[in-house]
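# Fold and geometry: a report
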Protein chains: 2
Amino acid sequence: MDLNVLFKKAKAAGRELAQLPAERVNDILHAVADETLARTGQLLAENARDLARMSPENPLYDRLKLTPGRLETIAADLRHVAGLPSPLGRILKHVVLPNGLDLKRVSVPFGVIGVIYEARPNVSFDVFSLCLKAGSACVLKGGSDADRSNRAVVDMIREVLARFGVTPDAVTLLPSERGAAAALLQARGYVDVLIPRGGSALIRYVRENARVPVIETGAGVCHAYFDRAGDVGKGAAIVTNAKTRRVSVCNALDSLLIHADRLADLPRLCAPLRDSHVRLYADEPARAALKGHYPDSELEAATEANFGTEYMDYKMSVKTVASFDEALDHIARYGSGHSECIITEDREAAERFLQAVDAACVYVNAPTSFTDGAQFGLGAEIGISTQKLHARGPMALEEMTTYKWLIHGNGQTRPR
Amino acid sequence: MDLNVLFKKAKAAGRELAQLPAERVNDILHAVADETLARTGQLLAENARDLARMSPENPLYDRLKLTPGRLETIAADLRHVAGLPSPLGRILKHVVLPNGLDLKRVSVPFGVIGVIYEARPNVSFDVFSLCLKAGSACVLKGGSDADRSNRAVVDMIREVLARFGVTPDAVTLLPSERGAAAALLQARGYVDVLIPRGGSALIRYVRENARVPVIETGAGVCHAYFDRAGDVGKGAAIVTNAKTRRVSVCNALDSLLIHADRLADLPRLCAPLRDSHVRLYADEPARAALKGHYPDSELEAATEANFGTEYMDYKMSVKTVASFDEALDHIARYGSGHSECIITEDREAAERFLQAVDAACVYVNAPTSFTDGAQFGLGAEIGISTQKLHARGPMALEEMTTYKWLIHGNGQTRPR
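Residues numbered from 1 in each chain as written. Chains lettered and ligands numbered in written order. Predicted model: local features only at pLDDT ≥ 70, side-chain atom pairs only at ≥ 80, totals over all residues. Heavy atoms only, no water.

A word on the overall build of chain A. When you go through chain A residue by residue, the secondary structure sums to 14 helices and 16 strands. In terms of C-alpha radius of gyration, chain A reaches 24 Å, essentially the compact-globule figure of 22 Å for 416 residues. Structurally, chain A occupies a C-alpha span of about 70 × 70 × 35 Å along its principal axes. By the burial criterion, 59% of the 416 residues in chain A qualify as buried. Considering only contacts in chain A between residues 6 or more positions apart, those separated by 24 or more positions represent 70%. Surface accessibility of chain A: about 15700 Å² in total, with carbon and sulfur atoms responsible for 49%. Across chain A, the 50 positively charged side chains and the 51 negatively charged ones have centroids separated by 6 Å. (Helix = DSSP H or I, 4+ residues; strand = E, 2+ residues; numbered from the N terminus. Rg over C-alpha atoms; globule rule 2.2 N^0.38 Å. Buried < 20%, exposed > 50% of the residue type's maximum accessible area, 1.4 Å probe, protein only. Contact = heavy atoms within 4.5 Å. Areas by Shrake-Rupley, 256 points an atom, 1.4 Å probe, with all protein chains shown as cover. Lys, Arg positive; Asp, Glu negative; His and termini not counted. Charge placed at Lys NZ, Arg CZ, Asp CG, Glu CD.)

Residue and element names in this part refer to chain A. Two numbers describe how helix α2 (residues 22–38) lies on helix α5 (residues 68–83): the axes approach to 8 Å, and their chain directions differ by 170°. Classified by the angle their axes make, α2 and α5 are roughly antiparallel. For the pair α2 and α5, the contacting residues are Asn-26, Leu-29, His-30, Val-32, Ala-33, Asp-34, Thr-36 and Leu-37 in the first and Leu-71, Glu-72, Ala-75, Leu-78, Arg-79, Val-81 and Ala-82 in the second. When the residues that make up the contact of α2 with α5 are grouped by side-chain class, the tally is nine nonpolar, three polar and three charged. (Axes fitted to C-alpha atoms, helices over the stretch in contact; angles between N-to-C directions. Parallel < 35°, antiparallel > 145°, perpendicular 65-115°, else oblique. Nonpolar A, V, L, I, M, F, W, Y, C, P; charged D, E, K, R; others polar.)

Now for the relation of the copies chain A and chain B. Once chain A has been moved 0.0 Å along the axis and rotated by 180°, it coincides with chain B to within an RMSD of 0.0 Å. What we have between these two chains is a two-fold relation. If distances are taken from each C-alpha of chain A to the rotation axis, the shortest is found for A:His390, at 1.9 Å. Both copies contact each other with a shared surface, as 100% of the interface residues of chain A are interface residues in chain B too. (Least-squares fit on C-alpha atoms with pLDDT ≥ 70 in both.)

Quite often, the size of an interface is put as the accessible area lost when its parts meet. Listed by partner, the interface residues are 75 residues for chain A and 75 residues for chain B. Roughly 6700 Å² is buried in total at the junction of chain A and chain B, and carbon and sulfur atoms are behind 49% of that figure. Remark: the boundary between chain A and chain B carries ten salt bridges. Between the two partners, chain A and chain B, sit 53 residue pairs in polar contact (both at pLDDT 80 or more). Contributing elements (two or more residues each) for the side of chain A that touches chain B: β1 (91–96), β2 (102–109), α9 (200–209), α10 (232–244), α13 (324–334), α14 (347–356), β13 (361–364) and β16 (401–408) of chain A. Of all the elements, β16(A) adds the most residues to the side of chain A that touches chain B, at seven residues. In terms of residue class, the side of chain A that touches chain B is made up of 37 nonpolar, 17 polar and 21 charged. With four bridges connecting them, β16(A) and strand β13 (residues 361–364) of chain B associate as parallel partners. Each residue of the ladder has a partner; that of A:Ile407, found in β13(B), is B:Tyr363. (Buried area = accessible area lost by both parts, 1.4 Å probe. Salt bridge = Lys/Arg side-chain N within 4 Å of Asp/Glu carboxyl O. Polar contact = N/O pair within 3.5 Å; in protein donor to acceptor, adjacent residues only side chain to side chain. Pairing = 2+ DSSP bridges.)

Relative to the helices and strands, A:Thr402 is located in strand β16. Ignoring sequence-local partners within four residues, the contact set of A:Thr402 consists of A:Val106, A:Ser107, A:Val108, A:Pro109, A:Phe110, B:Lys388 and B:Arg392. Within polar-contact distance, the side chain of A:Thr402 engages the backbone oxygen of B:Lys388 at 2.8 Å.

In this section: the nonpolar core. In terms of nonpolar packing, the biggest core is built from 115 residues, with A:Ile28, A:Phe128, A:Leu266 and A:Leu280 touching the most fellow members. Not counting the four nearest positions on each side in its chain, A:Leu280 is found in contact with A:Cys270, A:Leu273, A:Leu290, A:Tyr294, A:Glu298, A:Leu299, A:Glu300, A:Met316 and A:Val318. B:Leu29, B:Met156, B:Leu174 and B:Leu253 belong to the second-largest nonpolar core, a separate cluster that totals 114 residues. (Core = buried A, V, L, I, M, F, W, Y, C linked by side-chain atoms within 4.5 Å.)

Right, let's get into helix α1 (residues 3–17) of chain A. Because an α-helix completes one turn every 3.6 residues, residues spaced three or four positions apart along the sequence face the same direction. All names here are of chain A. Relative to the 21 Å expected for 15 residues at 1.5 Å per residue, α1 spans 21 Å between its end C-alpha atoms, a close match to the ideal helical length. Inspection of α1 places Leu-3, Leu-6, Phe-7, Ala-10, Ala-13, Gly-14 and Leu-17 among the buried residues, and these make up the whole buried set. Burial along α1 is one-sided: seen end-on, the buried residues are contained in an arc of 120°. On the buried face of α1, the contacting elements are β3 (112–117), α6 (121–133), β4 (137–141), β5 (171–173) and α8 (178–185). The distance from a side-chain oxygen at the start of α1 to the backbone nitrogen of Asn-4 is 3.0 Å, and the residue carrying that oxygen is Asp-2. (Expected span 1.5 Å × (residues − 1). Arc of directions from axis to C-beta.)

A separate point is the sheet that holds strand β10 (residues 299–301) of chain B. Overall, mixed pairing links the ten strands, which are arranged β1(A)-β2(A)-β16(A)-β13(B)-β12(B)-β7(B)-β8(B)-β11(B)-β9(B)-β10(B) in an open sheet. Edge positions in the sheet fall to β1 of chain A together with β10 of chain B, since each has one partner strand and no second. With direction set aside, neighbouring strand axes in the sheet form an average angle of 20°. Judged from the four bridges that link them, strand β7 (residues 222–226) of chain B and strand β12 (residues 339–343) of chain B form a sheet pairing that is parallel. Considered in β12(B), the bridge of B:His223 is made with B:Glu340. Against the sheet, helix α10 (residues 232–244) of chain B contacts β7, β8 (253–259), β11 (315–321) and β12 of chain B, and its axis sits at roughly 160° relative to β8(B).

All names here are of chain A. For strand β6 (residues 193–197), a buried count of five out of five residues is recorded, marking the element as mostly surrounded by other parts of the structure. Neither face of β6 is open: one carries Val-193, Ile-195 and Arg-197, the other Leu-194 and Pro-196, and all of them are buried. As paired elements, β3 and β6 share five bridges and run parallel to each other. Bridge pairing in β6 links Tyr-117 to Arg-197.

Residues and elements named next belong to chain B. Counting buried residues along strand β3 (residues 112–117), six of its six residues qualify, which places the element largely inside the surrounding structure. Of the two faces of β3, the one carrying Val-112, Gly-114 and Ile-116 and the one carrying Ile-113, Val-115 and Tyr-117 are both buried. As judged from the five bridges shared by β3 and strand β4 (residues 137–141), these two strands associate in the parallel manner. Bridge pairing in β4 places Gly-114 opposite Val-139. Crossover β3 to β4 through helix α6 (residues 121–133) is right-handed. (Right-handed = clockwise from strand over helix to strand, strands pointing away.)

Turning our attention to the side chain of B:Thr402. When its relative accessible area of 3% is taken as the criterion, B:Thr402 is described as buried. Those residues in contact with B:Thr402 that sit more than four places away from it in its chain are A:Lys388, A:Arg392, B:Val106, B:Ser107, B:Val108, B:Pro109 and B:Phe110.

On to empty space enclosed by the protein. According to the stated counting rule, one finds two cavities of 30 Å³ or more in the structure shown. Approximately 40 Å³ is the volume found for the largest cavity. What lines the largest cavity is A:Leu20, A:Ala22, A:Val25, A:Asn26, A:Ser86, A:Leu88 and A:Lys133. The leading source of residues in the lining of the largest cavity is α2(A), at three residues. Classifying every residue of the lining of the largest cavity gives four nonpolar, two polar and one charged. Surrounding the second largest cavity, B:Ile74, B:Asp77, B:Leu78, B:Asn122, B:Phe125, B:Asp126 and B:Ser129 form its lining. Elements supplying a minimum of two residues to the lining of the second largest cavity: α5 (68–83) and α6 of chain B. (1 Å grid on protein atoms, 1.4 Å probe; cavity = no way out; pocket = protein on both sides within 12 Å on 5 of 7 lines; lining within 4 Å. Points joined across faces, edges and corners; volume = space filled by probe spheres on them.)

Residue and element names in this part refer to chain B. Read across the open sheet, the four strands follow the order β5-β4-β3-β6; overall the sheet is parallel. Each having just a single partner strand, β5 (171–173) and β6 (193–197) make up the two edges of the open sheet. Direction aside, the axes of adjacent strands within the sheet are offset by 20° on average. Sheet strands in contact with helix α1 (residues 3–17) are β3, β4 and β5, and its direction is about 145° off that of β4.

Keep in mind these values describe shape, not function.
Right under this line is the structure:
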């Protein structure tokens, strides 16, 4: 199949969607929610055919699986997006020049947003709803493991769009073969921005091959630094929440840095982690401090490879630092620019940490597990950007728009 | 030379600059202005050695040339940047959650900004001053034609920085060989954003080879559409100003679209262009309408190649469209997303044009020549972005920053 035909249709759809009134967008989202519930049986049947090809032992199995309860959550999420304010048409700046020229910087849709993701059919709903709300067409490249599920979801959405007299090309699911991803990465002039959602191998592939603008998401190597002036009670609660709330998400804690003067408090800081059987990779001073207070079977000597690793598991490294500045240097070297945290009662240290750490989200006395669009009050989230261009941290509807300058004149000209 | 050593130093300098108080930044800019005037003789001598290697017939010769007057303008520009408000530390959002968690989205420096440009030594001053003001280190790759001039400028700036106790690595001029540009394009992890400033060949080279995030600038294929309801007086003034104010800049007009019903007015619309000897490439109906009213020697039959071309010269294509929608389609096909204009007294047509045209700056009854950071009241400009990610249209100090989220907590944790 010539994928350029699909990209061209998506671009034309983007131009059409830019004119779609906000109320119509919301009506469509509600209609897709209704249809999702009405077709529960059919969607689950297609999903079952994908599941039949995957071992239930595969860690992706649970993410691939749809259930009646999950479809109800998806429908509720669609209605939630419908209820959010439109991110379009916001006047970001307004300047009137002395000659009367009137300039407005206004938020507008991107046009076409491409998303590459892995075997999670719920992402197809997410991406479609957020892109439609942001006035853009979307081009989806899902994992081949979820192809029947995704196909059923997208066919259903396209039927609803057609019923509303809106072009079905507002959402396009690319064929599941690998060549389609490569074509999407090269689709300059058609795809305005590409967002990869998935593991580090996917992100690396996109980074090295994309010729369209990319917003990188995902990789989170997150640190908590327990400062010389840290409070142990807060520290234990923060470390535990950041590490164990959900280990498979990018905001989960990967490394605890502890000031050498506070090594005696390390056992209390780590005590709650025992209940979750968190495996600790500790450097020598930290291991000595933990010895006898933490199960030997869960306590290992750290190697260089334990730092800068995103674990996505009940595992964490522990590093002793001689000073505040050593903590900053360690984070600058090993962090991924996602979320970093300091635990301290020293206000000056807190402010220095906030200023010096170069990451999307920098916390004082709160866990990195808060890094999330809904938690931040942004409404919904398409991903967490770890780059600095355009969007940083949780990306929601506003970050899924661009802007243009609208200028009203009356025959003014610019002097030479 | 191992360029990675330079990139590492630039990154370290970026971390240092992020902490530099705004007043110190401004003091440095004034000191560089003073030093520029004090060293006029030396700077002109180095510039003369560059000029000696270039033919005065070369169109780049004038851009390469420094004069006492130009150095005075440069010094005044440095002082102007010093006087602008700092783009850093702006609170872009502030959210307090019900649990007391306090989240602020604050503008911060990128870190390291790379700029590739051609033989214009004044750009070295421009880029340095805007990057320093925006809290970032800059890595410059100038044209080899201007290498002695650039080297003299950058050495001088580095001396001034050192005098202030600030790392001279706040500005780095890469060696002039071609391999340095390639290294800069690949400097992931060191260069946070790369801005190419120059012609379409440079932009294409950067687009196809960059592994660091890029903001594309420059190419402007700009149209003016004279609508069925256009005013001839305004139209003639707008077309003339947009075409002839300065032909060598990206906001200059390249193509006039005229509604077929208004062909009889085409001679009056184009009349002022005769004085500047603007060469017109007109389609058949337009040529017939102009015949006898415009010098034959400056009137040619348009070919397909005349549309979508950025002329940078006293040349312009003229295209007849049968309808408003045909004008939109033509612009969507041939425009570069820079600046587009409609001339009309029909308010509805004006609003439809503003909404439908996908470009950084869309004008009603005003010329594209206004597309400029200083004209827009943005203070200064590092380039005009023709992409949609991060910055669109004139890029000034605010667009040269990113942001981060600063979160103050008191031991709050996120529920499961």
